[in-house]
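Structure at a glance
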Amino acid sequence: MNEGDLDLTDPVLSSEAELAFEGALRPKSLEEFVGQTRVRGQLQLLLTAATMQQRTPDHILLAGPPGLGKTTLAMIVAYEGGRPLRMSSGPAIQHAGDLAAILSSLVPGEVLFIDEVHRMARSAEEMLYLAMEDFRIDIMVGKGAGATSVPLDLAPFTLVGATTRSGLLPNPLRDRFGFTAHLEFYDEAELEQVLVRAATMLGLDVDREALAEIAGRCRGTPRIANRLLRRVRDYALVHGGRADLGAVRAALDLYDVDPLGLDRLDRAVMETILTRFGGGPVGLNTLAVSVGEESETIEAVVEPFLVRIGLITRTPRGRMATPSAWRHFGIPEVGATLAIDDL
Ligand SMILES: Nc1ncnc2c1ncn2[C@@H]1O[C@H](COP(=O)(O)OP(=O)(O)OP(=O)(O)O)[C@@H](O)[C@H]1O
Ligand SMILES: [Mg+2]
């Protein structure tokens, strides 16, 4: 990716301003949270039952591609129950001791959010099994033959884990979550609602049809919808015009977001499959090397959306382009017979 490109799918926010922007727009209750009707209903039931029985809610796993609302929902779980929230992440827990320090300092009823829970150290994972099940950990005291394990009781807590790669979670960990929410991409009507809400909160005067256009080009993802809205606002500001359909089209063209919402990386992946591998099948690692990206990014960020909009399919032999991919990119399908009109 070149410097200056808008990296729409970058899960790591690039600047303080973007972070503050995201924070400000996060819904604070299940009621404010747009879409994901099924998951919202399931969570509501789980939280209400826990409140009625005056106990901590079951552990919750939130799975799905970046930007669909996992962190937001974790915060809502805490807010809705009026519980304190502790936030950590898999990569920050590299030793069992890191986790022991967090777990032993939790207050009763606290919500512990572990983002990217699939990236925790193995030794910490094992400690977590016992903590989740029995609210207890075993702490090793001493070294070598004289080492003994001392049990330590924990305050009851609710673990909320988030992952973009639920397939990487070991089964014993996955099984200890009382509920797994699979977040889906949002449809355009829902994204429009996200945008109307964001525009109102930011005090932006944007045409409805402009919002609909953004909704159609944001990869089914609220985070991207909000970021594009910001770029459109910039465009209108700099060009001194209204944030209307024209501004949206011009701004999105400038940032290389195509009519399907594909960004540079999506297109690089598609063009590689189509032109270098004749439509596939091509393996994930080969694909990642060809476009110069991590295979994890391709699998967690790029692929789910391309599958969802029907441009590729996953087969046991690798990724394959569909007929609509050939059409979208205007390339005659390899092996397809050309009609006379095409010549
Ligand atoms: N259902 C929703 N309604 C309104 N806004 C939403 C919704 N889901 C997400 N958003 C907005 O999108 C932004 C990104 O959401 P969030 O940070 O929760 O995503 P995530 O799933 O945790 O992503 P990642 O995997 O990258 O951590 C938030 O700032 C929030 O404002
Ligand atoms: Mg998150």
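Residues numbered from 1 in each chain as written. Chains lettered and ligands numbered in written order. Predicted model: local features only at pLDDT ≥ 70, side-chain atom pairs only at ≥ 80, totals over all residues.

Looking at an unreviewed UniProt entry, the protein carries the name Holliday junction branch migration complex subunit RuvB, with the source organism given as Agromyces albus. For the record of the protein, the UniProt heading Sequence similarities (unreviewed entry) holds the text "Belongs to the RuvB family." Under the UniProt heading Catalytic activity (unreviewed entry), the entry covering the protein gives this text: "ATP + H2O = ADP + phosphate + H(+)". (UniProt positions renumbered as here; feature names shortened; annotations may be inferred.)

**Description of helix α7 (residues 188-202)**
Counting along an α-helix, one turn takes 3.6 residues, and residues three or four places apart therefore face a common direction. For α7, with 15 residues, the first-to-last C-alpha span of 21 Å sits near the 21 Å given by 1.5 Å per residue. When we look at burial in α7, the residues that qualify are Leu191, Glu192, Val194, Leu195, Ala198 and Ala199. Down the axis, α7 shows its buried residues gathered within 160° of arc, on one side only. Along α7, the residues that are exposed and aim more than 90 degrees away from the buried face are Ala189, Thr200 and Met201. (Helix = DSSP H or I, 4+ residues; strand = E, 2+ residues; numbered from the N terminus. Expected span 1.5 Å × (residues − 1). Buried ≥ 20, exposed ≤ 12 C-beta atoms within 10 Å, placed from the backbone. Arc of directions from axis to C-beta.)

**Quick word on the environment of Val291**
Looking at where Val291 falls in the secondary structure, it is placed in helix α12 (residues 284-291). Given 19 C-beta atoms within a 10 Å radius, Val291 is considered partly exposed. Residues Val291 and Leu61 lie 230 residues apart in sequence; the distance between their C-alpha atoms is 31 Å. With residues near it in sequence (within four places) discarded, Val291 still touches Ala268, Val269 and Thr272. (Contact = placed C-beta atoms within 7 Å.)

**Quick look at the UniProt feature "binding site: DNA" (unreviewed entry) in the protein**
The sites that UniProt annotates as "binding site: DNA" (unreviewed entry) are Arg314 and Arg319. You can see Arg314 is positioned in strand β8 (residues 312-315). Beyond its immediate stretch of four places on either side in the chain, Arg314 contacts Val307 and Arg319. Within the secondary structure, Arg319 sits in strand β9 (residues 318-321). With 27 C-beta atoms counted inside 10 Å, the residue Arg319 sits in the buried group. Ignoring any residue separated from it by four or fewer positions in sequence, one finds Arg319 in contact with Ile273, Gly280, Pro281, Val282, Leu287, Ile312 and Arg314.

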